[in-house]
Each structure stands twice: as C-alpha cells, then as structure tokens.
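This is what each chain is made of:
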Amino acid sequence: MSKLTKKPARTVTLDPNPKGELKALAGSNDDKWNLRLANLVVEACAAKTDESTTAMCRAMVSLAPADPVEGIIVAQLLAANEASLSMYRLAWAQPPEYFQARAKYMQLADKASRTALMLTERLDHHRGRGQQQIVVKHVTVNADQAMVAETITTAPALQSRSQPTLDQVMQPDLVGGGGGQETK
C-alpha cells in the first residue's frame, strides 16, 4: 500500500469589489479572469508575435462579450475559427499526390468550421437574437358574426413575463355582420 500524501491547501483571495477595467475583453468584472481567458485564447491560437496577440485581443473586444458566458463562447469561437483556417491552409499545402492527407485536413477544417458556426448561433441565442415569435389566434363565432383576435408576442415580452404592449396586440377584426353588412 502506498502512503497517502496530503496536498497543500491553496489560499484564494477574492476581491469583493472588482474593478473590471478589462471587461470588454472577456465580459467579467474580474480582470484576472479576463486576462486568463485572453491568454488561453492566444495560446490556443498559437499566436507567435505581438501583432497576432494584439489581433486576437482586438477580435475578443470587437465581439463585445457582455458577461463571462459570452466571454467563454467568444474565446471558443475564435479558437475554432483559427483551427479551421489552419486546417484549410494545411490541406491546400499538401501536394496533389497526398490526396488522403489533404482530405483528412479538409475533414478537420470542416469540423472546426461547424463548431465555429454552432458557437456563433449559441452566442446569438444568448444575446436574444434567436427570438421566437408566438402568434395566438382566437376565433369566436356567434350566430351571424365572427370575431378574430390576433396577439403577437415576441421574446422580450416573454422574458419580462408582462402583458403584451399595444404594439404587440392587434385589434380584433369583425368578420361578417348582421344583415349582410361588414363591420370593421
């Protein structure tokens, strides 16, 4: 039997009032997190020069993560995009006689491209651009008159769980009237 060894305890100090001066980079109020995520992206993308490191950080800021979740998605999106482009470059660098190697690099590039697309969709969904529209129609028929009421509710109204605004509710149309007259 091996002797159990205790690992030394780590001490973690959290700032109760982080400044968040680099929030534009990764969406967090904690700059240590923002810098860590930015460093991970730069390392994952094999940025070799100050110019490429600056470009990756500018891309993160340009995508404007609003919170840490968006920061993570942005980081993965940039890494997947970089991987995809690198695999495409390697695929086309292969001589024509190495068809299998070229095909394998193309498959890997396509996988990375699909990952980047999925992450872009996730980011849009998280930001609320993947809005849903719900249309509710209610038809009431009484003897010689029918009324159709249509309510359209969009995602922001669903999220706030409030009543639809006047812009979201269309007035009912009366269809058919007594005595052959149409009433609107």
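Residues numbered from 1 in each chain as written. Predicted model: local features only at pLDDT ≥ 70, side-chain atom pairs only at ≥ 80, totals over all residues. Heavy atoms only, no water.

### Thoughts on the overall build of the chain
Next, step 1: Per the secondary structure count, the chain includes six helices and three strands.
Next, step 2: Traced from its N-terminal end to its C-terminal end, the chain shows the element sequence α-α-α-α-α-β-β-α-β.
Next, step 3: Every one of the 184 residues in the chain was classed for burial, and the buried ones make up 21%.
Next, step 4: Summarising the internal contacts of the chain: among those between residues at least 6 apart in sequence, 44% fall at separations of at least 24. (Helix = DSSP H or I, 4+ residues; strand = E, 2+ residues; numbered from the N terminus. Buried < 20%, exposed > 50% of the residue type's maximum accessible area, 1.4 Å probe, protein only. Contact = heavy atoms within 4.5 Å.)

### Overview of the environment of cysteine 57
Next, step 1: Here cysteine 57 lies in helix H3 (residues 50-62).
Next, step 2: Exposure remark for cysteine 57: the relative accessible area of 23% places this residue in the partly exposed category.
Next, step 3: With residues near it in sequence (within four places) discarded, cysteine 57 still touches Leu25, Ala38 and Val42.

### Some points on the confidence of the model for the chain
Next, step 1: Within the chain, residue pLDDT values average 82, and 74% of them lie at 70 or more.
Next, step 2: Model confidence for the chain, summarised as mean pLDDT per element, is weakest for helix H6 (residues 155-160) at 51 and strongest for helix H4 (residues 68-93) at 96.
Next, step 3: This model gives residues 166-171 a pLDDT under 50, and the stretch forms nine contacts once residues within four places in sequence are excluded. (pLDDT = per-residue confidence, 0-100.)

### Quick notes on the packing of H3 against H4
Next, step 1: Two elements in contact, H3 and H4, have axes separated by 10 Å at closest approach and are oriented at 130 degrees. When the axes of H3 and H4 are compared, the pair comes out oblique. H3 and H4 meet at a crossing whose hand is right-handed. Contacts between H3 and H4 pair Met56, Ala59 and Met60 from the former with Val74, Leu78 and Glu82 from the latter. (Axes fitted to C-alpha atoms, helices over the stretch in contact; angles between N-to-C directions. Parallel < 35°, antiparallel > 145°, perpendicular 65-115°, else oblique. Left-handed = near helix turned anticlockwise from the far one by under 90°.)

### Concerning unusual backbone geometry
Next, step 1: Within the chain, alanine 64 stands out as a residue other than glycine whose phi angle is a positive 50 degrees.
Next, step 2: If you trace the backbone, alanine 64 turns up in the loop between H3 and H4.

### Description of the environment of methionine 60
Next, step 1: Note that methionine 60 resides in helix H3.
Next, step 2: The class for methionine 60 is buried, based on a relative accessible area of 1%.
Next, step 3: Note: C-alpha distance between methionine 60 and alanine 26 (34 residues apart in sequence) is 7.0 Å.

### A few points about the nonpolar core
Next, step 1: Formed by 18 residues in total, the largest nonpolar core has its most connected members in Leu37, Val41, Met56, Met60, Val74, Leu78 and Leu119.
Next, step 2: When contributions to this core are tallied by element, the ones reaching two or more residues are helix H1 (23-26), helix H2 (31-44), H3, H4 and helix H5 (99-126).
Next, step 3: Residues contacting methionine 56, with those up to four places away along its chain left out, are Val41, Val42, Cys45, Leu78 and Glu82. (Core = buried A, V, L, I, M, F, W, Y, C linked by side-chain atoms within 4.5 Å.)

### Let's talk about H4
Next, step 1: An ideal rise of 1.5 Å per residue puts 38 Å on 26 residues; H4 measures up with 37 Å between its terminal C-alpha atoms.
Next, step 2: Every buried residue belonging to H4 is among Glu70, Gly71, Ile73, Val74, Ala75, Leu77, Leu78, Ala80, Ser84 and Ala91, and all of these are buried.
Next, step 3: Considering only its buried residues, H4 is in contact with H1, H2, H3 and H5.
Next, step 4: For H4, the N-terminal cap is aspartate 67; the gap from its side-chain oxygen to the backbone nitrogen of valine 69 is 3.1 Å. (Expected span 1.5 Å × (residues − 1). Polar contact = N/O pair within 3.5 Å; in protein donor to acceptor, adjacent residues only side chain to side chain.)

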